[in-house]
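For reference, the chains in residue letters:
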Amino acid sequence: MKIISTRFHGLKKIKGINYSDKRGYFREIFKNNFFKNKKLIFCCVSKSKKNVIRGFHLQKKLQQDKLISVIKGKIFDVAVDLRKKSKTYGKHFSIILSEKNSTSLFIPTGFAHGFCGLENDNIVFYGSTNYRSKKNEVGILWNDKTLKIKWPTTKPILSKKDKNNITFEKFNNF
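Every value quoted in this text rests on a predicted model; they were computed, and no experiment measured them.

Caption draft 1: Seen up close, the packing of aromatic side chains. All chains considered together, the criterion is met by eight aromatic pairs. Ring geometry for F56 and W151: centres 5.7 Å apart, planes at 50 degrees, overall tilted. Pair noted here: F56 is in strand β6 (residues 53–59) and W151 is in the loop between β13 (137–139) and α1 (160–163), with a separation of 95 residues, a long-range link. Neither residue differs from the other here; F56 and W151 are each classed as buried. Seen from their ring centres, F115 and Y126 are 6.5 Å apart, and the 50 degrees between their planes marks the pair as tilted. Here the residue F115 occupies a position in strand β11 (residues 111–117), and Y126 occupies one in strand β12 (residues 122–128), the gap between them amounting to eleven residues. A residue is classified by how much of its surface remains accessible, and Y126, at 15% relative accessible area, is buried. An aromatic cluster is present here, built from F56, F76, W142 and W151 joined pairwise through their rings.

Here's what the structure looks like:
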């Protein structure tokens, strides 16, 4: 595995290695010794169709570092820096994560996360350093005009919850 820094403090790309043979492959996704003092205690999986957009999600209290990895398919993954004292506050980082490219993303606390499914079946693994807290969840609109994210779909499929997320401006005034 190789850890690659980005221009966003703490946001890391993780280039995994697939060990392949005639049976399939084996891939390492995360090693604790690469991320000191980070312990993934809550892990889950989502399955999304093509053009499904999930996000942007974060928890205001009981914040979470997140590890995002694609088990099957391909996604356009986006992290938005919401750390008010950060040089990259309000900016976003986007990347294609897929089963084939074996790349994962480590997102530190203070970022909102979202993605768009690019293939018919997309299975995404999430590892978090804190448990889900429904009462502390907040969401920012996926198509917020201030964030200027160029999503790879013109026909997004959204949950009712994500359709009702707030604007970046409203979040900024919390």
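There is more to say, and it comes next.
Caption draft 2: Summary view of the pattern of salt bridges. Here the structure, examined in full by the defined rule, presents seven salt bridges. When salt bridges that share partners are traced, they join K47, K72 and D121 into one network.

Caption draft 3: Representation of the sheet that holds strand β1 (residues 2–5) in the model. Pairing is antiparallel in the open sheet, where six strands are placed in the order β1-β2-β10-β7-β12-β5. Looking at the sheet topology across the chains shown, the edges are occupied by β1 and β5 (42–48). In this sheet, adjacent strand axes meet at a mean angle of 25 degrees when their direction is disregarded. Pairing of strand β7 (residues 66–72) with strand β10 (residues 103–107), which is carried by four bridges, proceeds in the antiparallel orientation. Bridge assignment links S69 to a residue of β10, and that residue is S104.

Caption draft 4: Region of the structure containing the sheet that holds strand β9 (residues 92–98). Strands sit in the order β9-β8-β11-β6-β13 across an open sheet of five strands; the sheet is antiparallel. The open sheet is flanked by β9 and β13, the only strands paired with a single partner. For this sheet, the mean inter-axis angle between neighbouring strands, taken without regard to orientation, is 25 degrees. Inspection of the sheet shows strand β8 (residues 74–81) paired to β9 by seven bridges, in the antiparallel sense. Across the sheet, the residue bridging to D77 is I95, located in β9.

Caption draft 5: Geometry of the pairing of strand β3 (residues 18–21). In this structure, β3 lies alongside strand β4 (residues 24–27), joined through four bridges in antiparallel fashion. Opposite Y19, over in β4, you have F26 as the bridge partner. What sits between β3 and β4 in their antiparallel hairpin is a turn of two residues.

What counts, and at which threshold
Going along each chain's sequence as written, the residues are numbered from 1 onward. With pLDDT at 70 or above as the cut-off, local features in this predicted model cover only qualifying residues; side-chain atom pairs require 80 or more to be listed or tallied, and sums for whole chains, interfaces and linings still use all residues. Heavy atoms throughout the structure, all of them, feed into the side-chain values; hydrogens and water do not. Between 30 and 60 degrees the pair is tilted, below 30 it is stacked and above 60 it is edge-to-face, where a pair is any two Phe, Tyr or Trp rings, Trp via its six-membered ring, whose centres lie within 6.5 Å. Under the scheme used here, helices are H or I runs from DSSP no shorter than 4 residues and strands are E runs no shorter than 2 residues, and both carry numbers assigned from the N terminus. Accessibility here uses a 1.4 Å probe with only protein chains present; expressed as a share of the type maximum, an area under 20% marks a residue as buried, one over 50% as exposed, and anything in between as partly exposed. Salt bridge, as used here, is a side-chain nitrogen of Lys or Arg placed within 4 Å of a carboxyl oxygen of Asp or Glu. Two strands qualify as a pair provided that DSSP identifies no fewer than 2 bridges between them. Helix axes are fitted to C-alpha atoms over the stretch in contact, other axes to C-alpha atoms as well, and angles between N-to-C directions run from 0 to 180 degrees.

It is worth stressing that arrangement in space is one thing and function is another; only the former is reported here.
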